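The residues making up each chain are set out below.
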Amino acid sequence: DHRKYTKVMVEEVDRLNRVVTGLLSYTKAEAPEPDVWPVPDILEHVRTLAGSDGDTRGVTIELEPVREDLVWTFDRDMLIQALLNLVMNALEASEYGQTVLLGARVQGNSLLFTVTDQGPGINEEEADMVFTLFYTTRDGGTGLGLALVRKTAELHGGSAGVSRAGPDGGTVATLELPEDSKSQEN
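In this report, the structure presented in the accompanying data block is examined.

About the cut-offs
Residues numbered from 1 in each chain as written. Predicted model: local features only at pLDDT ≥ 70, side-chain atom pairs only at ≥ 80, totals over all residues. Heavy atoms only, no water. Helix = DSSP H or I, 4+ residues; strand = E, 2+ residues; numbered from the N terminus. Contact = heavy atoms within 4.5 Å. Pairing = 2+ DSSP bridges. Axes fitted to C-alpha atoms, helices over the stretch in contact; angles between N-to-C directions. Buried < 20%, exposed > 50% of the residue type's maximum accessible area, 1.4 Å probe, protein only.

Let's talk about the side chain of Thr-99
Note that Thr-99 resides in strand 4 (residues 99–107). Apart from the residues lying within four places of it in its own chain, the contact partners of Thr-99 are Val-59, Thr-60, Glu-62, Thr-116, Asp-117 and Gln-118.

Laid out in structure tokens, this is it:
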């Protein structure tokens, strides 16, 4: 019985730690410190960070082709955390043998980051709700990850969203940074 209770206590302490850490990240994210960064390097860094989680789940994380000379201005740490949150959600939605695609492209006057999974897909009613602080659909979820993604996008003057990838499922998560956060495009 002691082992059972100890296990429950440790799990609850871990859960509370995730909630507190997420809240601190959410409230701390006040002012980005932008600089010019190469977009392909950021995507590769995020893939590397999430790689072991993908391997554990049997899910491949692939990078869509991105121009090697594409640079943009943003807060590197904030953006990496936001993209990592999107990738981790995509991994959670994926089944063994599926693929998560991570990409970025210039669209109009913005840089659009995308994370696409092959999971069951999101329904319309939940598409905007998932960015609400403390809203979660996962057992053990804190409801902080996607709220932080949206806050990061908004602090950069951009937006974040999710939509169904197609009629058979899958979800596309987006993080858009507007041209006024752009430094240069070669």
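Having put the structure on the table, let's press on.
Considerations on the sheet that holds strand 2 (residues 60–63)
If you trace the five strands from one edge of the open sheet to the other, you get 2-4-5-7-6, paired in mixed fashion. Each having just a single partner strand, strand 2 and strand 6 (159–166) make up the two edges of the open sheet. Within this sheet the neighbouring strands show an average axis-to-axis angle of 20 degrees, counted without direction. As paired strands, strand 4 and strand 5 (residues 110–117) are joined by seven bridges and run antiparallel to one another. Residue pairing for strand 5: Val-106 is matched across the bridge by Leu-111. Sheet strands touched by helix 3 (residues 76–93): strand 2, strand 4, strand 5 and strand 7 (169–178). Its angle to strand 5, the strand with the most contacts, is close to 25 degrees. Sheet strands in contact with helix 5 (residues 145–155) are strand 6 and strand 7, and its direction is about 125 degrees off that of strand 6.

A short note on the environment of Ile-122
Counting through the fold element by element, Ile-122 comes out in the loop between strand 5 and helix 4 (124–129). Take Ile-122: its relative accessible area is 12%, and that puts it in the buried class. Separated by 48 residues in sequence, Ile-122 and Gly-170 place their C-alpha atoms 7.3 Å apart.

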